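# Structural description and commentary
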Amino acid sequence: MAYTQWYKEMAVYQIWPRSFCDGNGDGIGDLWGVLEKLDYIKSLNVDAIWFSPLYPSPNADYGYDIADYKSIHPDFGDLELFRRVLEEAHKRGLKVFMDLVVNHSSDEHPWFRESRSAKDSPYHDYYYWRPGRKGPLGKRLPPNNWTSLFEGGAWEYDSNLDEYYLHLFAKKQPDLNMSNPKVRAEVKDILRFWLDLGVDGFREDVITFTGKAPGLPNSYPKLPIANGMKYFSNRPEVYDYLREFRDEVLSGYDCFTVGESPLTTADIALRYVTEGENKVLDEMISFSHMEADCFMTDMIRRPFDLKKMKRAFSEWQYKLAGRGWNALYIENHDHARIISRYGSEEYPAESGKMLAAMYILQRGTPFIYQGQEIGMTNIRLPEIGMYKDVASHNNYRIFSKLLGKKKAMELLQYSSRENARTPVQWDSSANAGFSSTRPWFSVNPNYTAVNVAAQEADPGSLLNFYRSLLSYRKSSPLVLYGEYRELYPEDNSFYTYERSYQGKRLLVICHFSSVPHGFMAPADMELIKGRLLFSNYKTHSFNGNGFIARPWELRVYEL
Ligand code: GLC
Ligand code: CA
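Residues numbered from 1 in each chain as written. Chains lettered and ligands numbered in written order. Predicted model: local features only at pLDDT ≥ 70, side-chain atom pairs only at ≥ 80, totals over all residues. Heavy atoms only, no water.

What follows covers the domain arrangement of the protein. Domain annotation of the protein identifies domain 1 (10-100 + 327-346 + 365-379 + 424-475), domain 2 (110-166), domain 3 (381-421) and domain 4 (480-558). Computed from C-alpha coordinates alone, the two centres of domain 2 and domain 3 are separated by 29 Å. Tallying the contact residues gives four residues for domain 2 and five residues for domain 3. Regarding the contact of domain 2 and domain 3, the summed buried area is about 350 Å², with carbon and sulfur atoms giving 54% of it. Contact with domain 3 buries area across many residues of domain 2, yet Phe150, Glu151 and Gly152 alone supply 91% of it, more than any other trio. The interface formed by domain 2 and domain 3 contains zero salt bridges. Counting every contact that joins domain 2 to domain 3 gives two residue pairs in polar contact (both at pLDDT 80 or more). (Domains from an automatic or database assignment. Contact = heavy atoms within 4.5 Å. Buried area = accessible area lost by both parts, 1.4 Å probe. Salt bridge = Lys/Arg side-chain N within 4 Å of Asp/Glu carboxyl O. Polar contact = N/O pair within 3.5 Å; in protein donor to acceptor, adjacent residues only side chain to side chain.)

The next subject is the side chain of Gln413. Position of Gln413 relative to the elements: it lies in helix 13 (residues 405-415). Only 3.4 Å separates the side chain of Gln413 from the backbone oxygen of Leu381, close enough to count as a polar contact. Each residue touching Gln413, except ones within four places of it in the same chain, is listed here: Asn378, Arg380, Leu381, Pro382, Tyr387 and Asn419. (Helix = DSSP H or I, 4+ residues; strand = E, 2+ residues; numbered from the N terminus.)

This paragraph deals with the site of ligand 1. Contacts to ligand 1 come from 14 residues, most closely from Asp61, His104, Asp205, Glu260 and Asp334. Measuring from an oxygen atom of ligand 1, one finds a side-chain N or O atom of Arg203 at 2.9 Å. One of the side-chain N or O atoms of His333 is found 2.9 Å from an oxygen atom in ligand 1. Across the complex, the protein chains shield 96% of the 310 Å² of accessible surface that ligand 1 would expose by itself. Applying the majority rule of atoms within 2 Å of the grid points places ligand 1 in the largest pocket. Residues of the shell around ligand 1, tallied by class, amount to four nonpolar, three polar and seven charged. (Near = heavy atom within 4 Å. Areas by Shrake-Rupley, 256 points an atom, 1.4 Å probe, with all protein chains shown as cover. 1 Å grid on protein atoms, 1.4 Å probe; cavity = no way out; pocket = protein on both sides within 12 Å on 5 of 7 lines; lining within 4 Å. Sits in = over half its atoms within 2 Å of the grid points. Nonpolar A, V, L, I, M, F, W, Y, C, P; charged D, E, K, R; others polar.)

Quick look at the pattern of salt bridges now. Scanning all chains against the criterion turns up 42 salt bridges. One salt bridge in this structure joins Asp293 and Arg341, with 2.6 Å as the shortest N-O distance. Placement of the pair is Asp293 in the loop between strand 11 (283-285) and strand 12 (294-295) and Arg341 in helix 10 (residues 338-341), with a sequence separation of 48 residues. For the pair Asp293 and Arg341, one class covers both residues: buried. The structure contains a network of salt bridges with shared partners spanning Asp61, Asp334, Asp389, Arg417 and Arg421. (Buried < 20%, exposed > 50% of the residue type's maximum accessible area, 1.4 Å probe, protein only.)

Have a look at this one:
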């Protein structure tokens, strides 16, 4: 909980460690690789790194199933090496945030092992163990009808205990019982451990799922995925847990917290992030703007709907204005690559730059996901056997039943989050310069063209565009603190917004199409008199107080 406001001016770089950079040549990204790349990260003009989980884990969900909260996975290094990374990051003025995953642990965590050893184990109540129900003809049924997000039903039977445990995600991710004060004491202990080591804050994984409705009631209508949501998402208990963590631990440190919150609206987010004495999180990660080409889950695909995306961004911008602070992002390890989704692979540089400015110039803290800054695109793996992620396999299973295998495969190619998990493309040498040996996961074959080294050498590259955008943002009170106002919300080809601050105005014009469209600025905004700050084309003609926008054209004017 930062009582200072540094988090409002920072930009954050997200590392998904397995695919960032392999420093010791075993094909898996690690902290040696991160050490090598700290100067690169700093050169992007970001101010902090968020590490997706670095802890020991059997990798049922690639690190989001933690077997030891106070150590580092041997694939990535050890605590000693982590301390060095932290120190070297701090030397460069980069803060470091850890991923706090306490809705669930791994089933290989000693707590869970103990909890399943006996009903009277002191750890039994660390998790949600419940007896089954009796169905027709005495058939054993799970305690309720909830379904998980990752692997079928939400309950797993243990014959030794004759009880079921709850898992909202994969079977190997049992939900921790946060209503147990002992579990909360463990969480506070984990927080203190990392803060005392010098870490600067946390991204809190599915934190809004940590409270479950007492009695764990059945939920109707029954959905094949995440059934029971209304009983496990944004329950009032979550706020109390977060307040306890704040009061007893976080308020004693100058640290930052951002919560992750699937299916949370701006109004609900305000419960947690409204500034003042009720604030229990600095920011909340929104999902609504990531649903402009899908419905509820990335797999229920719909044609990209610009108005839906604009409405989502604007809703959070307006509602949080003067009250809370936004977390801004368009990519992370859970979503397909943005150029392949909201932009165009035919115009990767143009659409990549436009998308960058589109979100970074809004009010909030921008997060940039590894590889986004060079415009990495979807790999589109063609066969299910090539996928490693538990959620991709679950989606394939569900959607091939509903739509057939071919259609399910197409959906995965477009939507799977593994599209964002291919090794970072550092140069055009073997394995994209990610590793000296065969990487743990497929490299996108476009690495010979799309890579960091090539873009370093090109002043007009997407990489250098990100650098100047982030440097400008940092030095501009207008972008940092100015008011946001959307223009032409009903327009189907442009996302246009204004930022204003102390008599200065910024006009951000984003063209979302591969075919030309005419743009006309409002009469009180004379483009010709403005100063063009950012654009993705070299020449700029006018047509009245507007212009004919070329494919994915971006223009940012200071007026
Ligand atoms: C969050 C993480 C995701 C993970 C899930 C379960 O949504 O971002 O990667 O699979 O939680 O921990
Ligand atoms: Ca390695």
